[in-house]
Structure formats: C-alpha cells, structure tokens
Amino acid sequence: AIENGFDINTKNDNGDTIFHWGFHSEHLKLAIENGFNVNNDGNTIFHWGFHSVHLPLAIENGFNVNNENRDGNTIFHDGHHLKHLPLASEYGFNKN
C-alpha cells in the first residue's frame, strides 16, 4: 500500500494511525523509512508499550523521547520500553 501512495500518516477521529494499539507492526519499519510521523499529539504508537522492537529506529529518525500524552506520561511511564532508556538518554530523554 505504501508503494502505491497510501498516506501512512492518516489518522482516525481519535487521532490514531494504523499503527496505534499495536497493529501492523510488521510494516512499521518500512513506514518509518518512508516518512511515517512517529510523533503524535496525545498517545504515540509507543505509549502503551507496543512496537518496542522498532523504537530505536524511531528514535534515530526523530521520535521525541520526551513526548508526553494528555496525562503527562512519556512512553517509559508504567515501565514500558525500559531496555531502550539508555538510547533515549543519548537522545535527550529527561528522566525528571
């Protein structure tokens, strides 16, 4: 679909993309490499602990590691993605 012009940044009425809630993880690498906006107002695709395997690629491609959802939580809140904290720190994650 991406190769045929599908807009990978399309959002539904809740602001969710096709990658929210852990869906389509097998296509996320290709999407990031083709301009998927990993930053989102509110919950990002990483806020609920999904797609952890793709988080380093997202960070290296501009994911804001300090992004907070509407509740003020980062993706590391509730213990999600903790193995990626060292990389996030290298990219400016504010632990405070």
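Here goes a summary of the coordinates provided.

Thresholds, definitions, all that
Residues numbered from 1 in each chain as written. Predicted model: local features only at pLDDT ≥ 70, side-chain atom pairs only at ≥ 80, totals over all residues. Heavy atoms only, no water. Helix = DSSP H or I, 4+ residues; strand = E, 2+ residues; numbered from the N terminus. Contact = heavy atoms within 4.5 Å. Polar contact = N/O pair within 3.5 Å; in protein donor to acceptor, adjacent residues only side chain to side chain. Salt bridge = Lys/Arg side-chain N within 4 Å of Asp/Glu carboxyl O. Buried < 20%, exposed > 50% of the residue type's maximum accessible area, 1.4 Å probe, protein only.

What to know about the environment of aspartate 16
Part 1 of the argument: Relative to the elements of secondary structure, aspartate 16 occurs in the segment before α1 (28-33).
Part 2 of the argument: A C-alpha to C-alpha distance of 8.6 Å links aspartate 16 and asparagine 40, two positions 24 residues apart in sequence.
Part 3 of the argument: What aspartate 16 contacts, discounting residues up to four positions off in sequence, is Thr10, Lys11 and Trp21.
Part 4 of the argument: Looking at aspartate 16, its side chain comes within polar contact range of the side chain of tryptophan 21, at 3.1 Å.

Considering the pattern of salt bridges
Part 1 of the argument: Scanning all chains against the criterion turns up one salt bridge.
Part 2 of the argument: Between glutamate 33 and lysine 29 there is a salt bridge, and its shortest N-O distance comes to 2.6 Å. With a gap of four residues between them, glutamate 33 and lysine 29 both fall in helix α1, about one helical turn apart.
Part 3 of the argument: With a relative accessible area of 46%, glutamate 33 lands in the partly exposed category.
Part 4 of the argument: Looking at lysine 29, the relative accessible area reads 43%, which means it is partly exposed.

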